[in-house]
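Spelled out, the chains give:
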2 protein chains.
Amino acid sequence: MALLARQPQFERQIVRYANDVSGREEEHEPSLASRLRLAVVRLNRRLRAQRTDSSVTLTQISALSCLYNWGPMTPGELAAKEGVQPPSMTRVIAALEEHGFASRRPHPTDGRQAIVEVTQAGRDFVRAEVCARERWLDRRLADLDEEEREVLSRAAEIIDRMAGQ
Amino acid sequence: MALLARQPQFERQIVRYANDVSGREEEHEPSLASRLRLAVVRLNRRLRAQRTDSSVTLTQISALSCLYNWGPMTPGELAAKEGVQPPSMTRVIAALEEHGFASRRPHPTDGRQAIVEVTQAGRDFVRAEVCARERWLDRRLADLDEEEREVLSRAAEIIDRMAGQ
DNA sequence: TATTGTTATACTCTATAACTATA
DNA sequence: TATAGTTATAGAGTATAACAATA
């Protein structure tokens, strides 16, 4: 706990009603769930607001990264990995195909299923454009100290585990 | 670093192309930016998927919590705190007013602005319904050990600081 | 002329329900 | 009959552009 104890804890929010003449002052201590929810919602907004020249959306990049990192899989597997419903993934895959970043081939043994995989253009895109898209976040991370990045690294792993349930 | 070093680091992703007969195996180590982005995008999806009986959306709850925690403020200030554009906040405030959870009064010195504040019904709602909405996340957090919650607590503070820039 | 806020409009993201094809 | 995937539809979330009111 030594490392964590050294750091400033989350500041208790003192609620002052600026325009309230009564001068009353209440004190809340937002729960961890509340603070984590707000942090995630806000960072998600910021990430989605980052635009590059390409018309590839964050959701598409996320799915493409998944295929890139884990290899070919069926639409259903991809939907499960990304935590979305199959109909949502259908549209994402269609968009990636239109961009030429993913392709589909028949499943060798099951005619209902398909195998989706990244194309060479898709690989090039992940290496180049995704980095561009993450420049904003990279800059923010660069401003932190090494120990804060360690905390975020561990948090990313914990959050991913929670979200995967 | 002792505390962090004790913990398992994020697992290096070994990329195996399951359906690739070449048997080649590439190794990527996703950047911190990539891992944090994916974690945040996925947890955000999970949080938005949590529904309660009420028709109040996560965005509305987020803004209402902000007013509850920080007191009355103008629409512009609220938009800035939440990290959205003013037109987006206009709609959120209108929805909160329709629910009777927020009210608007004229700014004392500037006729262009207004002061938005939480109503008593809004306070009651934050205390009751927001908790209900967060039950899913609370359960996930309860499954973690104390040290992991400390990491997330610190991460929430760091992320909020980054997103606020 | 600059600032604050709203209205109009459009696009992304995602879900559920209903359907088709295959197992 | 069960499973995988797609199509249809709808609602949440958000932005930009154009406008109105006030400073």
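As a reminder, the structure under discussion sits directly above these lines.
A quick note: this is a predicted structure, and the numbers were derived from the prediction, not measured.

Overview of the pattern of salt bridges
In step 1: Across all of its chains, the model carries 22 salt bridges over all chains by this definition.
In step 2: For the salt bridge of Glu97 of chain A with Arg104 of chain A, the shortest nitrogen-to-oxygen distance reads 2.7 Å.
In step 3: The class for Arg104 of chain A is partly exposed, based on a relative accessible area of 42%.
In step 4: We note a salt bridge from Arg154 of chain B to Glu147 of chain A, for which the minimum N-O separation is 2.9 Å. With Arg154 of chain B in helix H8 (residues 146-163) and Glu147 of chain A in helix H8 (residues 146-163), the pair connects residues from two separate chains.
In step 5: Note on Arg154 of chain B: relative accessible area 3%, which makes it buried.
In step 6: Salt bridges sharing partners connect three or more residues here, namely Arg42 and Arg45 of chain A together with Glu82 and Asp160 of chain B.

Considerations on the nonpolar core
In step 1: Of all hydrophobic cores here, the largest spans 42 residues; its most connected members are Leu36, Leu141 and Leu152 of chain A together with Leu36, Leu141 and Leu152 of chain B.
In step 2: Breaking this core down by element, the ones donating at least two residues are helix H2 (32-49), helix H7 (135-142) and H8 of chain A together with helix H2 (32-49), helix H7 (135-142) and H8 of chain B.
In step 3: Filtering out sequence-adjacent residues up to four positions away, Leu152 of chain A remains in contact with Leu141 and Leu144 of chain A together with Leu32, Leu36, Ala155, Ile158, Ile159 and Met162 of chain B.

Some words on the protein's contact with DNA strand D
In step 1: Close to DNA strand D lie 25 residues, the nearest being Arg45 and Arg104 of chain A together with Thr57, Arg91 and Gly111 of chain B.
In step 2: Atoms of DNA strand D within 4 Å of the protein: sugar and phosphate make up 71%, bases the balance.
In step 3: One of the side-chain nitrogen or oxygen atoms of Thr59 of chain B is found 3.0 Å away from a phosphate oxygen of DNA strand D.
In step 4: In the model, a phosphate oxygen of DNA strand D is placed 3.0 Å from a nitrogen or oxygen of the Gln85 of chain B main chain.
In step 5: Every element with two or more residues in the surface near DNA strand D is listed here: helix H4 (75-82) and helix H5 (86-99) of chain A together with helix H3 (58-70) and helix H5 (86-99) of chain B.
In step 6: The element that contributes the greatest number of residues to the surface near DNA strand D is H5 of chain A, accounting for four residues.
In step 7: By residue class, the composition of the surface near DNA strand D is seven nonpolar, ten polar and eight charged.

Brief notes about the protein's contact with DNA strand C
In step 1: Around DNA strand C, the structure places 25 residues, and the nearest of them are Thr57 and Arg91 of chain A together with Arg45, Thr90 and Arg104 of chain B.
In step 2: Within the side chain of Arg45 of chain B, one N or O atom sits 2.6 Å away from a phosphate oxygen of DNA strand C.
In step 3: Broken down by secondary-structure element, the contributors of at least two residues to the surface near DNA strand C are helix H3 (58-70) and H5 of chain A together with helix H4 (75-82) and H5 of chain B.
In step 4: The residue inventory of the surface near DNA strand C, partitioned by class, reads seven nonpolar, ten polar and eight charged.

Some remarks on the pairing of strand E4 (residues 114-118) of chain A
All names here are of chain A.
In step 1: With four of five residues buried, E4 is to be regarded as a mostly interior element.
In step 2: One ladder, built from five bridges, connects strand E3 (residues 102-106) with E4; its direction is antiparallel. Bridge pairing in E4 places Arg104 opposite Val116.

So, how was this worked out
- Residues numbered from 1 in each chain as written.
- Chains lettered and ligands numbered in written order.
- Predicted model: local features only at pLDDT ≥ 70, side-chain atom pairs only at ≥ 80, totals over all residues.
- Heavy atoms only, no water.
- Salt bridge = Lys/Arg side-chain N within 4 Å of Asp/Glu carboxyl O.
- Buried < 20%, exposed > 50% of the residue type's maximum accessible area, 1.4 Å probe, protein only.
- Helix = DSSP H or I, 4+ residues; strand = E, 2+ residues; numbered from the N terminus.
- Core = buried A, V, L, I, M, F, W, Y, C linked by side-chain atoms within 4.5 Å.
- Contact = heavy atoms within 4.5 Å.
- Near = heavy atom within 4 Å.
- Polar contact = N/O pair within 3.5 Å; in protein donor to acceptor, adjacent residues only side chain to side chain.
- Nonpolar A, V, L, I, M, F, W, Y, C, P; charged D, E, K, R; others polar.
- Pairing = 2+ DSSP bridges.

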